[in-house]
Amino acid sequence: MGGIIIRRATPADVVGIAHVWRSSRPDHANLADALELDGLPACYPVTLVAVQGDGETVGWLDGTVESRGLADELNPNGIPAPHAFVSEIDVHPKHRRKGIGRALFHTLVALADEAGVILIGLRAQEDEDLAHRQAFFRSVGLALLDGTGWVGDVRTLARKSKSAVDIACVSSMANGLIGEER
Ligand SMILES: CC(C)(COP(=O)(O)OP(=O)(O)OC[C@H]1O[C@@H](n2cnc3c(N)ncnc32)[C@H](O)[C@@H]1OP(=O)(O)O)[C@@H](O)C(=O)NCCC(=O)NCCS
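Rules used throughout
- Residues numbered from 1 in each chain as written.
- Predicted model: local features only at pLDDT ≥ 70, side-chain atom pairs only at ≥ 80, totals over all residues.
- Heavy atoms only, no water.
- Salt bridge = Lys/Arg side-chain N within 4 Å of Asp/Glu carboxyl O.
- Helix = DSSP H or I, 4+ residues; strand = E, 2+ residues; numbered from the N terminus.
- pLDDT = per-residue confidence, 0-100.
- Phe/Tyr/Trp six-rings, centres within 6.5 Å; stacked < 30°, edge-to-face > 60°.
- Near = heavy atom within 4 Å.
- Polar contact = N/O pair within 3.5 Å; in protein donor to acceptor, adjacent residues only side chain to side chain.
- Areas by Shrake-Rupley, 256 points an atom, 1.4 Å probe, with all protein chains shown as cover.
- 1 Å grid on protein atoms, 1.4 Å probe; cavity = no way out; pocket = protein on both sides within 12 Å on 5 of 7 lines; lining within 4 Å.
- Sits in = over half its atoms within 2 Å of the grid points.

(A) Here's a closer look at the pattern of salt bridges. Under the defined criterion, the tally for this structure stands at 6 salt bridges. For the salt bridge of Arg-25 with Asp-27, the shortest nitrogen-to-oxygen distance reads 3.6 Å. Arg-25 is paired through a salt bridge with Glu-88; the nearest N and O atoms lie 3.5 Å apart. Of this pair, Arg-25 sits in the loop between α1 (14–24) and α2 (29–38) while Glu-88 sits in strand β4 (residues 83–91), and the two are 63 residues apart along the sequence.

What follows is the structure in structure tokens.
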């Protein structure tokens, strides 16, 4: 994933995010339109973008590191709140299988680890793409919790990501930069 930076999104990123979202999930085009009109969603306070050196947005992730409200949804087996949660993750189809999705996910893991959160989870949408999603979730270290719920231990994943994913985590996020390829 040469020359790609993972950073927090700014309001100016909505056009690039909407483009990635529409290309990745045509069934979510209406949601991408709404995001472009309304701005970054407030309910998921962590929005990350993967941006190429030429400024093109190639991926994004929406989630939170301290999800309390969503605990019941992802909690059929008693996952304690708070836990980090991925609401949406998309990589532009032209840029898949280069490690961008993994880097976005592990950047959220690093933020959750910094915040002292123990668990991270997500719920996979069930459609014809479920099999590739499941392969991705397994590959980043999540375990299937029930039919569509996935969960992982933040500390274990954070340790793994330090060796498995070559991103430099910058604790001081004054400039918005979170991780980049070394
Ligand atoms: C899921 C998604 C975000 C993965 O992004 P990505 O950048 O292509 O993923 P990565 O390159 O980081 O893949 C990491 C690993 O996941 C697995 N993986 C990813 N896509 C896969 C696929 N289509 N089939 C099988 N395994 C896959 C592989 O093990 C891969 O490692 P490898 O390439 O070394 O074999 C991307 O395919 C996507 O945007 N899909 C549509 C949106 C979506 O379904 N999002 C999830 C919402 S619940």
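So that's the structure; there's more coming.
(B) Main features of the confidence of the model for the protein. Per-residue pLDDT for the protein averages 83, and the proportion of residues at 70 or more is 79%. By mean pLDDT, the top-scoring element of the protein is α1 (97), and the lowest-scoring one is strand β8 (residues 177–180) (49).

(C) Focus on the packing of aromatic side chains. Applying the stated criterion to the full structure yields 3 aromatic pairs. What links up through ring pairs into an aromatic cluster is the set Phe-136, Phe-137 and Trp-150.

(D) Representation of the site of the ligand within the structure. Residues in contact with the ligand amount to 18 residues; listed here are only the nearest, Ile-89, Val-91, Gly-99, Gly-101 and Arg-133. One nitrogen or oxygen atom from the main chain of Gly-101 is found 2.8 Å from an oxygen atom belonging to the ligand. Considering the ligand on its own, with 910 Å² of exposed area, one finds that the protein chains cover 79% of that surface. At a threshold of 2 Å from the grid points, most atoms of the ligand map onto the largest pocket. At the level of secondary structure, the elements contributing two or more residues to the shell around the ligand comprise β4, α3 (100–114) and α4 (130–139).

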